[in-house]
Amino acid sequence: MIRAIDLAALNTATKYPSIPTYHALDPKNGGLIEEAAAFNSDVYLTEKVDGTNGRIVSFPGGDYILGSREELLYARGDLIGNPALGIADALRPLADRVTPPTSGIRVLYLEVYGGKVTAASREYTSNRTVGYRLFDTADVPLDVLEWPRAQISGWREDGGQRFLSEYELTQFAKAEDIDLVPRLATVDAGDVPTGIAEMQTFLNDYLPTTRVALDEGAGGHPEGIVLRSGDRSVIAKARFQDYRRTLKRRTQPARSR
């Protein structure tokens, strides 16, 4: 089945869409500006893990392809795969056991972290252990792969992939025995601060240390929090370093010309 599919189209259709920052980025300097995402219902807070995105692209019948954020790396039964960042090695045992969809394509999005994945790996492990956490799952119709690639890309970035709701995702993860990225809290939209300084305090309060450390020697500093509505219609990320950098700039004296 995999051999009959346009792999370039599949790669485009199953990539993870961009997630905006909770406070908008200033195009002039990359800092944050006082313009926050708007939520109007309960907001689900989850830990944002600093690793690399991995994909399990699952087909009816049990075939699958593994990928990174940008490229496809390995197909079930391959003798040789792309070893990039250890993604295929980390996800293959899970891909071998996960229940395939009955129709269409199901994509599991996981954060692979630790090992030598990123410079931040030391925050999660002191002995290069590799772990993964599921953070999203989407369904993709097969007929999308027949479209021109530019159309597929636009469809994806415009929310075309059908992501599981928060409830569906937690039920799926439980049924498949897959660890999710940590659920930190569910808060009312009105309790999420809109100011930059207040948001930094909010991050510190809800995630003082990572909840996905792989061993006792881990550094423990978290990357940030992902905020989403229950139906995933609004989703945004808030990273500690963005807030630290922005607030530090505010305290620095302006340079004379």
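Details of the structure are given in the entry above.
Residues numbered from 1 in each chain as written. Predicted model: local features only at pLDDT ≥ 70, side-chain atom pairs only at ≥ 80, totals over all residues. Heavy atoms only, no water.

A. View of the overall build of the protein. Within the protein, the regular secondary structure consists of six helices and 12 strands. Relative to the globule expectation of 18 Å for 257 residues, the C-alpha radius of gyration of the protein, 19 Å, shows essentially globular dimensions. Taken along the three principal axes of its C-alpha coordinates, the protein extends 60 × 40 × 40 Å. Of all 257 residues assigned to the protein, the portion counted as buried reaches 51%. Of the contacts made within the protein by residues no fewer than 6 positions apart, 71% connect residues no fewer than 24 positions apart. Put simply, the protein shows about 13,000 Å² of open surface, and 47% of that area lies on carbon and sulfur atoms. (Helix = DSSP H or I, 4+ residues; strand = E, 2+ residues; numbered from the N terminus. Rg over C-alpha atoms; globule rule 2.2 N^0.38 Å. Buried < 20%, exposed > 50% of the residue type's maximum accessible area, 1.4 Å probe, protein only. Contact = heavy atoms within 4.5 Å. Areas by Shrake-Rupley, 256 points an atom, 1.4 Å probe, with all protein chains shown as cover.)

B. Looking closely at unusual backbone geometry. Positive phi is not limited to glycine here, since Asp-177 has a value of about 55 degrees. Tracing the backbone shows Asp-177 in the loop between α4 (166–176) and β10 (183–187).

C. Up close: the packing of helix α5 (residues 196–206) against helix α6 (residues 240–251). It is the contact of α5 with α6, at a shortest axis distance of 10 Å, that shows an interaxial angle of 140 degrees. As summarised for this structure, α5 and α6 are arranged oblique, according to the angle between their axes. Our pair here, α5 against α6, has a crossing hand that is left-handed. When α5 is examined against α6, the residues Ile-196, Ala-197, Met-199, Gln-200, Leu-203 and Asn-204 are found in contact with a partner set consisting of Phe-240, Tyr-243, Arg-244, Thr-246, Leu-247 and Arg-250. Looking at the contact of α5 with α6, its residues break down into seven nonpolar, three polar and two charged. (Axes fitted to C-alpha atoms, helices over the stretch in contact; angles between N-to-C directions. Parallel < 35°, antiparallel > 145°, perpendicular 65-115°, else oblique. Left-handed = near helix turned anticlockwise from the far one by under 90°. Nonpolar A, V, L, I, M, F, W, Y, C, P; charged D, E, K, R; others polar.)

D. Inspection of the sheet that holds strand β3 (residues 43–48) at higher detail. Overall, antiparallel pairing links the four strands, which are arranged β10-β3-β11-β12 in an open sheet. Each of the sheet's edge strands pairs with one partner strand only, and the pair in question is β10 and β12 (235–239). Recorded for the sheet is a direction-independent mean angle of 25 degrees between the axes of neighbouring strands. Two strands pair when backbone bridges link them, and β3 and strand β11 (residues 224–229) are joined in this way by six bridges, in the antiparallel orientation. From the neighbouring strand, Lys-48 faces β11, where its bridge partner is Gly-224. The strands touched by α5 within the sheet are β3, β10, β11 and β12, with β10 carrying the most contacts at an inclination of about 125 degrees. Contacting β11 and β12, α6 crosses the sheet at an angle of about 60 degrees to β12. (Pairing = 2+ DSSP bridges.)

E. Representation of the side chain of Thr-14 in the model. Residue position: Thr-14 is located in helix α1 (residues 7–14). Owing to a relative accessible area of 0%, Thr-14 belongs among the buried residues under this scheme. A polar contact of 2.8 Å, which involves the side chain of Thr-14, links it to the backbone oxygen of Leu-10. A distance of 2.8 Å separates polar atoms of two side chains, one belonging to Thr-14 and the other to Arg-55. (Polar contact = N/O pair within 3.5 Å; in protein donor to acceptor, adjacent residues only side chain to side chain.)

F. Region of interest: the pairing of β3. The element β3 is extensively covered by neighbouring structure, given that five of its six residues are classed as buried. Direction of pairing for β3 relative to β10: antiparallel, over a ladder of four bridges. Residue pairing for β10: Leu-45 is matched across the bridge by Ala-185.

G. Region of the structure containing the sheet that holds strand β7 (residues 105–114). The strand order across the open sheet formed by six strands is β6-β5-β4-β7-β8-β9, and the pairing between neighbours is antiparallel. Every other strand in the sheet has two partners, leaving β6 (72–75) and β9 (162–163) as the edge strands with one partner each. Relative to β6, strand β5 (residues 64–68) is paired through three bridges, and the arrangement is antiparallel. Across the sheet, residue Ile-65 finds its bridge partner in β6, namely Ala-75.

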